[in-house]
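Examination of the molecular architecture
Below are the chains, spelled out letter by letter.
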Amino acid sequence: MADSERRFYRAARVANQAMDDWLPDHAVGVANGTIIDVLPAADAPAAETVDLGDVSLLPGLVEGHTHIPCPPRVDAFDIISEEPNEPALMRAAHAVGLALRSGITTMRDLGSKNEVVFAVRDAIASGTIPGPRLLAAGAPITRTMDHCWFWGGEADSPEAVRAMAQAHVDQGADVLKVMASGGNFTPTSNPRDRQYPPETIREIVEAGQSGGIEVAAHTHAADGIRAAVEGGVRHLIHCRWLSANPEEGFRYDPELAQRIADEGIWVNPTIGLGLLASEARERGDAAPRRNPNLQGPSPREQGLDILRDMRNRGARFTSGLDMGMAYADFNRAPAEAWAFVEDVGLSEWQALRIMTCDTAGAIGVGDQVGKLVTGYDADLIAFTGDPAANIRDLDQPVFVMQGGDVIVGVPSP
C-alpha cells in the first residue's frame, strides 16, 4: 500500500514532462501513491526530501510484450508445451517480481494460459504478490497446432474464432492477441505463412470492440501483416515482412507501410530480442533449435532497413522485448531501447519516450503512467549515469517506486 506521507525525491537529472530533456537538480513530490509536484530541488521542503544523488530519474518503464510463464531458455518450448498450470503460475509470479525490480512498473502480457495470466494479474492488483501493473491478453487465438497452440487458444473457423475471442472478453482480457502468421517458437508453425484472412481477423476485432479492447496481431509474414491491417488490428507485433516464398526472404510493401503510419497503427518490432541473441552468439551461448519450417534468408540488417523506412514514413513504435523467449529475461526490457538507438538510429530520447509515455499511450494507460506529471501514478525509477547520453545506462535501476511504494533503494528520509 502506498505511503500517505508527503515526500520529495531529489535527483541530479529529472525527466521533463515532454520526455525530451532533463530538468537539472529537481525533485518529484509524492503522496498517496500519486505525483503531486515536480519542482526545483531548492524549493522542496528539506525535511521531506530524499536525495537520490547523481542519478537520472525517469517514469517507470512500460513493457508492451511479455509471456510471463515462459522460462527465457533455449529449451522453453519443451517445458511450457507439456507442464500443468501449477509450475507455470510459480514461474510467472517470479517473472513479474523480477520485472518490477528491474524498473518495469507496467507491462502487457501478449500470450499465456488464461488460467495463469489472469490469476497473476489479479494477484498483483490485490497486493497478494508484487509485480508491475499487468494487462493481459490470455491465450493467443491461433489455428490448430499452429503458433503457441499449447496455451489453449486454438480456433479455425470464423465462428470458432469469434467464440474464442468473445470468451476472452468475457473473462476480462485487457487486449486480444491473434496469430496472424506463424512463428519461430513453435516447431509445427511456419513464420512465412498467413494464418487467417482479414475477414476472420475482423471477427476478433469486433469481439474486442464489444468489450472496449483492442487487438494485437503477431505478424512475421508479410501476408499476415496485410491481413491484420485489413482486418482492423491496432497493434502489429514483430512486423517482419517475411515473404511466403523462402527464396525471396522479405516482401516489404512501402504502400502498406505508409498506410500503417497514416492510420496510427502501433508497431512493436521486438528488435532488442535480436540484439540479445546476437550478443549471445558472440559469447558462444547455446542457441534454440531452429524452426524446421523456416527456410530461406531473413538477414537482420535488411529487416532493420525496413524498420528505418517505416519510421521515416511516420510509423509509431512501442516497447516490447518478447520477454520469456530465449535470452530475454524479465529484467532485460531496456535492450529494446538499446536496439532502437544502436540498430535503428533513433535518438536516446526517442527511445526513452518509446519505453515510457509512447507505449503507455499505445496500451491505453497513457493518462495514468509514463510521465512525471502531477496527478499521474508515482512510478519512478533512477539510474546511475545518463541514459540520454548513453542508452546502455538504462539498465538495472538503483531506485524503483511503484504507486508510491519503494521497491528498490532508499525507503524514506
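Here the structure is a predicted model, which means the values were calculated and not measured.

Definitions and cut-offs
- Residue indices follow the written sequence of each chain, beginning from 1 at its first position.
- Side-chain atom pairs in this predicted model are given and counted only at pLDDT of 80 or more, local residue features only at pLDDT of at least 70, and totals for whole chains, interfaces and linings cover all residues.
- Water and hydrogen atoms play no part in the side-chain values, which are based on all heavy atoms of the structure.
- Only buried Ala, Val, Leu, Ile, Met, Phe, Trp, Tyr and Cys residues count toward a nonpolar core, and they belong to the same one when joined by side-chain atoms within 4.5 Å.
- Partly exposed residues are those whose accessible area sits between 20% and 50% of the maximum for their type, while under 20% is buried and over 50% is exposed, using a 1.4 Å probe and protein chains only.
- The way it works is that DSSP assigns letters per residue, a run of H or I at least four long becomes a helix, a run of E at least two long becomes a strand, and they are numbered from the N terminus.
- Contact between two residues is taken to exist if any of their heavy atoms lie within 4.5 Å; hydrogens are not considered.
- By definition, two strands form a pair when at least two bridges between them are found by DSSP.
- A helix is expected to reach a length of 1.5 Å times the quantity of its residues less one.
- The directions considered for the arc are those from the helix axis to the C-beta atoms.
- Angular values range over 0 to 180 degrees, each being the angle between N-to-C directions of two axes fitted as lines to C-alpha atoms, with helices fitted over their stretch in contact.
- Orientation labels follow simple angle bins: below 35 degrees gives roughly parallel, above 145 gives roughly antiparallel, 65 to 115 gives roughly perpendicular, and whatever is left gives oblique.
- Note on convention: near helix rotated counterclockwise from far helix by under a right angle means a left-handed crossing. Clockwise means right-handed.
- Whether two aromatic rings pair depends on their centres lying within 6.5 Å, for rings of Phe, Tyr and Trp, where Trp uses its six-membered ring; planes under 30 degrees apart make the pair stacked, over 60 edge-to-face, and the rest tilted.
- Geometrically, a lysine NZ or arginine CZ counts as sitting over a ring once it is within 6 Å of the ring centre and also within 35 degrees of the ring normal.

1. Quick look at the nonpolar core
- Ranked by internal contacts, the top residues of the largest apolar core, which has 121 residues, are Ile68, Trp241, Ile260, Met310 and Leu380.
- Among the elements that make up this core, the one with the highest residue count is helix α10 (residues 334–344) (seven residues).
- With residues up to four places along the chain from it excluded, the contact list for Leu380 reads Tyr9, Val28, Val30, Ile35, Leu57, Leu58, Gly60, Leu372, Phe399, Val400 and Met401.
- The next biggest cluster of nonpolar side chains, apart from the first, holds six residues, and it includes Val62, Leu135, Ile363 and Val365.

2. Details of the sheet that holds strand β13 (residues 316–317)
- Spatially, β9-β10-β11-β12-β13 is the arrangement adopted by the five strands of the open sheet, whose pairing is parallel. The sheet terminates laterally at β9 (176–179) and β13, the two strands that pair on one side only.
- Of the pairings in the sheet, the one linking strand β11 (residues 235–242) to strand β12 (residues 266–268) comprises three bridges and is parallel in character. Bridge pairing in β12 links His235 to Trp266.

3. With respect to helix α9 (residues 300–312)
- If you check α9, its first and last C-alpha atoms are 18 Å apart, about what 13 residues at 1.5 Å a residue would give, namely 18 Å.
- Along α9, the residues that are buried comprise Gly303, Leu304, Ile306, Leu307 and Met310. The arc enclosing the buried residues of α9, seen along the axis, measures out at 155 degrees, which places them on a common side.
- Backbone geometry just downstream of α9 places Gly314 in the positive-phi region, at approximately 105 degrees.

4. Topic: the packing of helix α4 (residues 158–170) against helix α5 (residues 198–210)
- One way to put it is that α4 packs onto α5 with a least axis distance of 9 Å and a crossing angle of 25 degrees. Considering their axes alone, α4 and α5 lie roughly parallel with respect to each other. Handedness of the α4/α5 crossing: right-handed. Facing Pro158, Val161, Arg162, Ala165, Gln166 and Val169 of α4, the residues of α5 in contact are Thr200, Glu203, Ile204, Glu206, Ala207, Gly208 and Ser210.

5. A look at the sheet that holds strand β7 (residues 104–109)
- The strand order across the open sheet formed by three strands is β6-β7-β8, and the pairing between neighbours is parallel. With one partner strand each, in any of the chains shown, β6 (61–66) and β8 (133–136) form the two edges of the open sheet. The sheet shows a mean angle of 15 degrees between the axes of neighbouring strands, taken without regard to direction.
- Pairing analysis gives four bridges linking β6 to β7, with the strands arranged parallel. Counted as the bridge partner of Leu61 is Ile104 from β7.
- Along the sheet, helix α3 (residues 114–125) contacts β7 and β8; its crossing angle with β8, the most-contacted strand, is approximately 155 degrees.

6. Describing the pairing of strand β1 (residues 7–15)
- Of all nine residues in β1, seven are buried; the element is thus mostly enclosed.
- Direction of pairing for β1 relative to strand β2 (residues 22–31): antiparallel, over a ladder of eight bridges. Bridged to Arg7 within β2 is Val30.
- In this structure, the hairpin formed by β1 and β2 is closed by a connection of six residues, where Met19 is found at a positive phi of approximately 55 degrees.
- Here β1 runs beside strand β4 (residues 49–51); their pairing, made up of three bridges, is parallel. Paired with Arg10 across the bridge in β4 is Asp51.
- Summarising the sheet, β1 and strand β5 (residues 55–59) pair through two bridges and their orientation is parallel. Bridge pairing links Arg13 to Ser56 in β5.

7. Looking at the packing of aromatic side chains
- For the structure shown, the criterion picks out nine aromatic pairs.
- Ring plane angle 35 degrees and centroid distance 5.4 Å describe the contact between Tyr9 and Phe399, whose orientation is recorded as tilted. You can see Tyr9 sitting in strand β1 and its partner Phe399 sitting in strand β15 (residues 399–402), a full 390 residues away along the chain. The pair formed by Tyr9 and Phe399 is uniform in burial state, with each residue classed as buried.
- Taking 5.0 Å as the distance between ring centres and 65 degrees as the angle between the ring planes, the aromatic pair formed by Phe150 and Trp151 counts as edge-to-face.
- With a relative accessible area of 8%, Phe150 lands in the buried category.
- On the basis of relative accessible area, Trp151 is assigned to the buried category, the value being 5%.
- Taken together, the ring pairs in this structure connect Phe77, Trp149, Phe150, Trp151 and Phe185 into an aromatic cluster.
- Note that Arg311 overlies the ring of Phe317, its terminal NZ or CZ placed 5.3 Å from the centroid.
- In this arrangement the basic side chain of Arg316 is found over the ring face of Trp266, its NZ or CZ atom lying 3.8 Å from the centre.

8. Overview of the environment of Pro387
- With respect to the element layout, Pro387 can be found in the loop between β14 (380–384) and β15.
- Each C-alpha atom, one on Pro387 and one on Leu58, is 9.9 Å from the other, the two residues being 329 residues apart in sequence.
- Setting aside residues up to four positions removed in sequence, Pro387 forms contacts with Trp22, Ser56, Leu58, Glu348, Leu352, Asp393 and Leu394.

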